[in-house]
Amino acid sequence: MSFHIKNLNVAYGSTQVISGFDDIWPKGQITALIGCNGAGKSTLLRALAGLSPMQGVISVSGGALSPEDQRRQIAYMPQDTSAQSSLTVLEVVLLGRLGSLGLRLPAGIAEQAMAALDTFGLASLQSRQLDEISGGQRQLVFLTQALFRQPRVLLLDEPTAALDLRHQLLVLDRLQKVARQNGTIIGLAMHDLNLAAQYADRIVGLNGGVKAAAGPAVEVLTANNLRAMYGIEARITLDAHNQPQVLPIRAVE
Ligand SMILES: Nc1ncnc2c1ncn2[C@@H]1O[C@H](COP(=O)(O)OP(=O)(O)OP(=O)(O)O)[C@@H](O)[C@H]1O
């Protein structure tokens, strides 16, 4: 089972933002989307989640996904999780299973949601309203909700952007486990290239809405690619596991 994206095109009005994007995201792997501000990462993830009109075909295991399949099989967490809401933290996580909730909660589901919150140390916040917790805590709550859905495909837009260093590592460790253990297909937009190198199985570079590079970190995170995609000069070294580490030096013309 893998996630196939064929000739995906997205336009806002007459402005083309994603052009002819083709890729295959394997089962049980993390694919990280990288690229400069405005490169099209969020637009691509939103289109895959069925939230932006697009042209092209997306399929899982060869079967093209209808808009209904997209909603059922794909979970998506946006970049901006700010919310004025009187929903509590526990209610937000439970909404992850909205599709299977009736008038009464199925037995045990609240306990499962609490256990999910506990993974990121959030259980004590269960009764707080969404607007009574910090930005990083809100990002963790929405991440917990997306994981609680147990989707086949999980799309996360900059899931560690609001998190401290420890929580960045905890979240990416957890995502790697979910991918490996459940076979979940995970796609992330990321700006931290070193974390992408450490955790992603594949990196896809977007430049002006076009796929500019794809493959393992060591092939994508090269000085030439970073100059072309970000307009920077960078020093690349290999760590003890032969993964590239990027040290940005200066912006270039
Ligand atoms: N709703 C919209 N209407 C019109 N243009 C948009 C809209 N949303 C995004 N764009 C444009 O589409 C392009 C891609 O934006 P997108 O948000 O996908 O980039 P990104 O790679 O996620 O950037 P960032 O790293 O800043 O989050 C940009 O030029 C942006 O200005």
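Scroll up to find the structure this text is about.
This is a predicted model, so every value here is computed, not measured.

Looking now at the pattern of salt bridges. Scanning the model with the defined rule gives 7 salt bridges in all. Residue Arg71 pairs with Glu68 through a salt bridge whose shortest N-O separation is 3.4 Å. In this pair, Arg71 and Glu68 are both assigned in helix 2 (residues 67-73), 3 residues apart and thus about one turn of the helix distant. A relative accessible area of 40% means that Glu68 is categorised as partly exposed. Here Arg180 makes a salt bridge to Asp201, at a shortest N to O gap of 2.9 Å. Note that Arg180 is positioned in helix 6 (residues 165-182) and Asp201 in the loop between helix 7 (193-199) and strand 9 (202-207), a separation of 21 residues in sequence. Take Arg180: its relative accessible area is 45%, and that puts it in the partly exposed class.

Strand order across the open sheet formed by 4 strands is 2-1-4-5, with antiparallel pairing between neighbours. Two strands in the sheet have a free side with no partner beyond their single neighbour: strand 2 (15-26) and strand 5 (63-64). As paired elements, strand 4 (residues 55-60) and strand 5 share 2 bridges and run antiparallel to each other. Following the sheet pairing, Val60 is matched in strand 5 by Gly63. Contacts between helix 1 (residues 41-48) and the sheet are confined to strand 1 (2-12), strand 2 and strand 4, with strand 1 contributing the most and set at about 115° to the helix.

Cut-offs used in this document
- Just so you know, the residues in each chain are numbered from 1, in the order the chain's sequence is written.
- It should be noted that, the model being predicted, local features are given only for residues of pLDDT at least 70 and side-chain atom pairs only at 80 or more, the latter also being counted only at that level, while totals for whole chains, interfaces and linings use all residues.
- By convention in this description, side-chain values take in all heavy atoms of the structure and omit both hydrogens and water.
- Here, a salt bridge means any side-chain nitrogen of Lys or Arg that lies within 4 Å of a carboxyl oxygen of Asp or Glu.
- Labels follow the DSSP assignment, with helices taken as runs of H or I lasting at least four residues and strands as runs of E lasting at least two, numbered in each case from the N terminus.
- For the exposure calls, accessible area comes from a 1.4 Å probe over protein chains only, and a residue counts as buried if that area is under 20% of its type's maximum, exposed if over 50%, partly exposed in between.
- Strands are treated as partners if at least two bridges between them are detected by DSSP.
- Contact between two residues is taken to exist if any of their heavy atoms lie within 4.5 Å; hydrogens are not considered.
- Axis lines are fitted through C-alpha atoms, for helices just across the contact stretch, and the angle between N-to-C directions can take any value from 0 to 180 degrees.

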